[in-house]
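Structural overview
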Amino acid sequence: MCGARCALEAVYGNERVRAGVARAVAACGASLCAGGHVRYVGGARLGALGVIDASECVPTFGARADDVRAFVEGGWGALRNREGDLAARGGAYALDLAAFFAPDGPASAADPAHDTLLVLGDGIEDAARLAALVAQHTPAGFAEKCCHVFAFSRGSSVASSSQQEEQEQEKEQQKQLEDKCHGMCAQCVVVRVRDVDGDRKDSEVLLPFRWVQLATKLVLNAVSTGAFVAAGKVYRNRMVDLRISNAKLYARACASAATSAHARAYSFALLMRRST
């Protein structure tokens with residue numbers, strides 16, 4: 001059994017989830033094209049993945065720090081980074097969810113005409129709770145137009161639950177989320193990760209949470225990449241505004257330049273090294 005396969009199946013193998021991701025991509029792309037913002041909101045466990053994805057947008061797509069930002073419940077304490085709380089640096093370093101929902105925080109300045117917000121819920125209850133906070137602290141009309149709620153959940157092993165039972169539970173969870181989030185979001189989507197191979201033991205009922213985290217990252221990657229494609233940051237499948245800030249982007253820049261010039265990537269690597 002492969003956790004990556006299960007996460008991929010939950011996101012890309014489910015027509016309802018694919019459609020939800022596509023709507024989120026379109027909304028976020030429209031926001032960036034209009035000079036607006038994309039915001040991720042999540043609890044301590046999944047919000048951290050939003051922080052990672054948002055931080056990658058700056059070097060990968062040449063984005064402004066404020067284009068895509070994430071806010072996590074518990075702030076830096078939830079991330080457990082070595083440097084500790086960096087909120088005093090201000091700007092993009094202020095990522096505590098409490099600060100986001102403060103009376104003078106970013107939530108109060110959300111623009112229904114230009115901004116999009118994604119809720120990353122750790123289950124149905126967590127997603128509904130966060131959606132309610134968004135509806136409460138953002139301007140009137142923002143949540144039902146611009147808030148996209150994703151609730152990530154773990155299915156059971158098919159050794160203890162049949163495929164049909166899993167599908168019925170997924171439908172029930174989707175209905176529960178829609179009932180709880182009625183009037184508070186533009187859409188709500190349950191992403192249920194389940195064992196597609198069916199080779200887990202009976203004693204292992206719930207699937208590993210890391211599979212849920214992987215499914216969350218797949219959704220975030222699709223949304224941010226698709227949004228920046230719409231914003232013109234990708235040409236012929238090449239990222240054209242990246243900033244060389246790490247080894248991966250260095251190699252990508254060399255490959256992109258070499259492809260455009262019909263030359264060897266090695267030649268461009270030598271030129272880049274000589275220029276530094």
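Here's a quick rundown of the structure. (Residues numbered from 1 in each chain as written. Predicted model: local features only at pLDDT ≥ 70, side-chain atom pairs only at ≥ 80, totals over all residues. Heavy atoms only, no water.)

What follows covers unusual backbone geometry. The residue R80 is not glycine, and still its phi comes out positive at about 55°. By the element assignment, R80 lies in the loop between α4 (76–79) and α5 (97–100). Positive phi is not limited to glycine here, since R236 has a value of about 50°. By the secondary structure assignment, R236 is in the loop between β6 (234–235) and β7 (238–239). (Helix = DSSP H or I, 4+ residues; strand = E, 2+ residues; numbered from the N terminus.)

Below, the discussion takes up the packing of aromatic side chains. The geometry of an aromatic ring pair is captured by the separation of the ring centres together with the interplanar angle, meaning the angle of the planes. On inspection of all chains with the given rule, the structure shows four aromatic pairs. A centroid spacing of 4.7 Å and a plane angle of 10° characterise the contact between F61 and F228, whose relative ring orientation is stacked. On the criterion of sequence distance, the pair formed by F61 in helix α3 (residues 47–61) and F228 in helix α9 (residues 209–230) is long-range, its members being 167 residues apart. Side by side, F61 and F228 carry an identical accessibility label, which is buried. Seen in terms of ring centroids, W76 and Y93 are 6.5 Å apart; in terms of plane orientation they differ by 25°. Their pairing is stacked. Residue W76 is located in helix α4, and its partner Y93 is located in the loop between α4 and α5; the two are separated by 17 residues in the primary sequence. Taken together, the aromatic side chains of F71, F100 and F101 make up a single cluster linked through ring pairs. Over the ring of F209 we find R45; its NZ or CZ atom is 3.7 Å from the centre of that ring. One residue, R89, lies across the ring of Y93, its end atom 5.2 Å from the ring centre. (Phe/Tyr/Trp six-rings, centres within 6.5 Å; stacked < 30°, edge-to-face > 60°. Buried < 20%, exposed > 50% of the residue type's maximum accessible area, 1.4 Å probe, protein only. Lys NZ or Arg CZ within 6 Å of the ring centre and 35° of its normal.)

Moving on, we come to the side chain of T138. Summarising the element assignment, T138 is placed in the loop between α6 (124–137) and α7 (142–146). Within the structure, T138 has its side chain in polar contact with the backbone oxygen of V134 (distance 2.5 Å). When sequence neighbours within four positions are dropped, the list of residues in contact with T138 reads A107, A110 and A143. (Polar contact = N/O pair within 3.5 Å; in protein donor to acceptor, adjacent residues only side chain to side chain. Contact = heavy atoms within 4.5 Å.)

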